[in-house]
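Chain and residue survey
In case you want the letters, here they are:
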Amino acid sequence: MNIIARNARSVQVLGIDAGGTMTDTFFVDSEGEFVVGKAQSTPQNEALGLIASSIDGLAGWSLDLDEALKDLQTGVYSGTAMLNRVVQRKGLKCGLIVNRGMEDFHRMGRAVQCYLGYAYEDRIHVNTHRYDPPLVPRNLTRGVTERIDMFGAVVIPLREETAREAARDLIAADVEGIVISLLHSYKNSDHERRVRDIVIEEIKASGKTIPVFASADYYPVRKETHRTNTTILEGYAAEPSRQTLKKISDAFKEHGTKFDFRVMATHGGTISWKAKELARTIVSGPIGGVIGAKYLGEVLGYSNIACSDIGGTSFDVALITQGELTIKNDPDMARLVLSLPLVAMDSVGAGAGSFIRLDPYTKAIKLGPDSAGYRVGVCWKESGIETVTISDCHMVLGYLNPDNFLGGAVKLDRQRSVDAIKAQIADPLGLTVEDAAAGVIELLDSDLRDYLRAMISAKGYSPASFVCFSYGGAGPVHAYGYTEGLGFEDVIVPAWAAGFSAFGCAAADFEYRYDKSLDINLAEDAPDEQREKAAKTLQTAWEELTRNVLEEFRLNGYEADQVTLQPGYRMQYRGQLNDLEIESPIASADTAADWNQMVDAFNATYGRVYAASARSPELGFSVTGAIMRGAVPIPKPKIPAEPLSELTPPEEAHTGTRKFYRKKRWVDAKLYRMESLLPGNHIHGPAIIESDATTFVVPDGFETFLDTHRLFHLREV
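Cut-offs used in this document
Residues numbered from 1 in each chain as written. Predicted model: local features only at pLDDT ≥ 70, side-chain atom pairs only at ≥ 80, totals over all residues. Heavy atoms only, no water. Helix = DSSP H or I, 4+ residues; strand = E, 2+ residues; numbered from the N terminus. Rg over C-alpha atoms; globule rule 2.2 N^0.38 Å. Buried < 20%, exposed > 50% of the residue type's maximum accessible area, 1.4 Å probe, protein only. Contact = heavy atoms within 4.5 Å. Areas by Shrake-Rupley, 256 points an atom, 1.4 Å probe, with all protein chains shown as cover. Lys, Arg positive; Asp, Glu negative; His and termini not counted. Charge placed at Lys NZ, Arg CZ, Asp CG, Glu CD. Domains from an automatic or database assignment. Buried area = accessible area lost by both parts, 1.4 Å probe. Salt bridge = Lys/Arg side-chain N within 4 Å of Asp/Glu carboxyl O. Phe/Tyr/Trp six-rings, centres within 6.5 Å; stacked < 30°, edge-to-face > 60°. Lys NZ or Arg CZ within 6 Å of the ring centre and 35° of its normal. Pairing = 2+ DSSP bridges.

Here we look at the overall build of the protein
Of regular secondary structure, the protein possesses 17 helices and 34 strands. For the protein, whose C-alpha radius of gyration is 27 Å, the value lies close to the compact-globule estimate of 27 Å for 717 residues. On the principal axes, the C-alpha backbone points of the protein span a range of 80 × 55 × 55 Å. Across the 717 residues in the protein, those meeting the buried criterion constitute 58%. The long-range fraction of contacts in the protein, counting pairs at least 24 apart against all pairs at least 6 apart in sequence, stands at 68%. For the protein, the accessible surface area stands at approximately 28,600 Å², while carbon and sulfur atoms represent 50% of it. Put simply, the protein has 76 plus and 96 minus side-chain charges, and the middle of one group is 4 Å from the middle of the other.

As structure tokens, this is what we get:
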């Protein structure tokens, strides 16, 4: 990257990825140049890790933290703190108001929740299934008398005295939030909103301050369990996370920032930490990487991308097909089914910090799903870890430099890994330490490779149609292993792979999104008056959602004329189980001709995502939901563009050799300093390319070259 004089550099954007193991920061200046910082995560106080990572990154520009932050225009956070709070069931004490007679449905949940996150062998045995404790216990659940049917018609009027009784009971129980979720309120919200108003009246009369969350105000969508779980999260987990985000924002303000942090949301945009619907930030880190890959693909012309992210705790995979993300509307998270628009991703509980154990009976190797997190493994003496991890295998095999972890900030001890793997894995299996460690890595790579192949094949594609992006702190270490033999069009490792999710945060739009369930069903040959009515129904939903979006931006200081609105809808062929999210080709819908344009857009998208021959317009069309997105422009990172240099790396980039074990033999791998390599340089394996934040392994049988955008291209030879 070009060197800019210290006094001339103005840092504009900060992207943050606070992972379970490492905290990455990504700074962008006014010219679009960027630098990456990395530090160990500090779960007890996230702000400490963020400040340390920021100092590390800004050192690359010789900038003092306070000096750099005074010019900063915006910051985007992503992390897993809220998800961890839900997994550990450490949220606020909330009360729940539902229909009388339905008081047990939250703790019963959906049947699928009893085996979510289980391996296949545990899913098929009922005696392994279990239900986690409900977010709201039965003794804090109250019922009110009313009923609205599935068509939105009132069957039983609301008995307001039952709502007042329920509110008083929960207030007396000292709850910290009250959630209201009544049957079919997404169709007709009158009763639920009246109950909300009654509860607010009773809270005011009590003299207490308790937040109230009605599902109709937050998630007016079908599926009671999904909708109720998600609304509960607003009180149970989002409110305490809001306080954590406030502390982070305040910590940076102490160093000179003048803005409030935005947070990566599940739909791929960013929202303020003050946003009403904060539960949609429950998982944000891995999504940042997918948004970064999409942005990089748009700039460089890649339309089919397999996103693969290996961190300390998991392997996350997502597909971008024809430049489009897939959005799930009812994902599961923390063994809960939810109603959130979520960038479709799959995750394997295996990362660089995953624990390795032997089954005591079969001696089979089990990887994860638990992890050492920021404590790395046995190789770090101060970690307190006794069970070996994937990182310990890296140490034994020569992948990692024990003196250069986080640029030398953390000193690792290879002999500790050797001794632990010998005792826990090698001796019980009758193997040498090297073969035991190599076997674990081969097993992990094989699992990840099969997972990646299955995801692509399930969409009807071949890996040859995709470019694979490998990133995350451990992505470059394993890129060769999990892509070998798949035949990808290209395998790309960004030089900033370790901070790629933070890069995605910096590239994400400032965007709010609201959704609403609809039930519009039309035959292919429906008359024009039916098509016009369908268009107007969708338009009415868009207008409601537009008000919500503009209100969120107004709270953040933006007026309506500054916001770009993009309506959307979810459509499927009648009778299908799954719908597609479509960006509307028109700004408003009022006529039969408008309906026809939306159908045409759906047909075209369906043909791209699946196949033109799979389209079935003769079945008719169903609109299952309305979507409204609003965005305001933000500065984004500029992709580097440097002139090509020689094929041979400069002498100063070559730092020596290190023994590297693969395929039952030790070889001498050439060592290179990543930052010293120049665009155009070719490197043949065996080689190891090191930076402070990550290690890129190029074994024998592979080569890589660095292009003008500082992207490494990995190829089999």
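Some words on the domain arrangement of the protein
In terms of domains, the protein is made up of domain 1 (88-233), domain 2 (365-437) and domain 3 (512-632). Taking the mean C-alpha position of each, domain 1 and domain 3 sit 29 Å from one another. Across the contact, five residues belong to domain 1 and six residues belong to domain 3. Where domain 1 abuts domain 3, roughly 600 Å² becomes buried across the two surfaces, and 35% of that area is made up of carbon and sulfur atoms. Its largest share of buried area at the contact with domain 3, domain 1 owes to Tyr186, Pro220 and Arg222, together 64% of the area lost on that side. On inspection of domain 1 and its partner domain 3, the count reaches two salt bridges. Between aspartate 519 and lysine 187 there is a salt bridge; the shortest N-O distance is 3.5 Å.

Remarks on the packing of aromatic side chains
The final tally for this structure, using the stated rule, is 30 aromatic pairs. Ring-pair connections join several aromatic residues into one group, and the members of that group are Phe26, Phe34, Tyr295, Tyr471, Trp496, Phe500 and Phe503. In this structure, arginine 262 packs its charged tip against the face of phenylalanine 510, placed 5.0 Å from the ring centre. The ring centre of tyrosine 218 lies 5.1 Å from the NZ or CZ of lysine 276, which sits over that ring.

Details of the environment of glutamate 434
Assignment of secondary structure puts glutamate 434 in helix 13 (residues 433-458). Along the primary structure glutamate 434 and threonine 321 are separated by 113 residues, whereas in three dimensions their C-alpha atoms are 40 Å apart. When near neighbours in sequence (up to four residues on either side) are disregarded, glutamate 434 contacts Val396, Leu397, Tyr661 and Trp666.

A short note on unusual backbone geometry
Omega for the peptide link from glycine 685 to proline 686 comes to 5°, which places this bond in the cis form. With respect to the helices and strands, the residue proline 686 is situated in the loop between strand 30 (682-684) and strand 31 (687-690). Its identity as a non-glycine residue notwithstanding, lysine 363 has a phi of 65°, on the positive side. One can find lysine 363 in the loop between strand 20 (354-358) and strand 21 (365-371). The phi dihedral of lysine 663 falls on the positive side, at around 55°, and the residue is not glycine. For lysine 663, the position within the fold is in the loop between strand 28 (654-662) and strand 29 (665-673).

Considering the pairing of strand 4 (residues 74-79)
Counting buried positions over the six residues of strand 4 gives six, a clear majority of the element. Judged from the six bridges that link them, strand 1 (residues 11-18) and strand 4 form a sheet pairing that is parallel. Residue pairing across strands places valine 13 opposite threonine 74, the latter belonging to strand 4.

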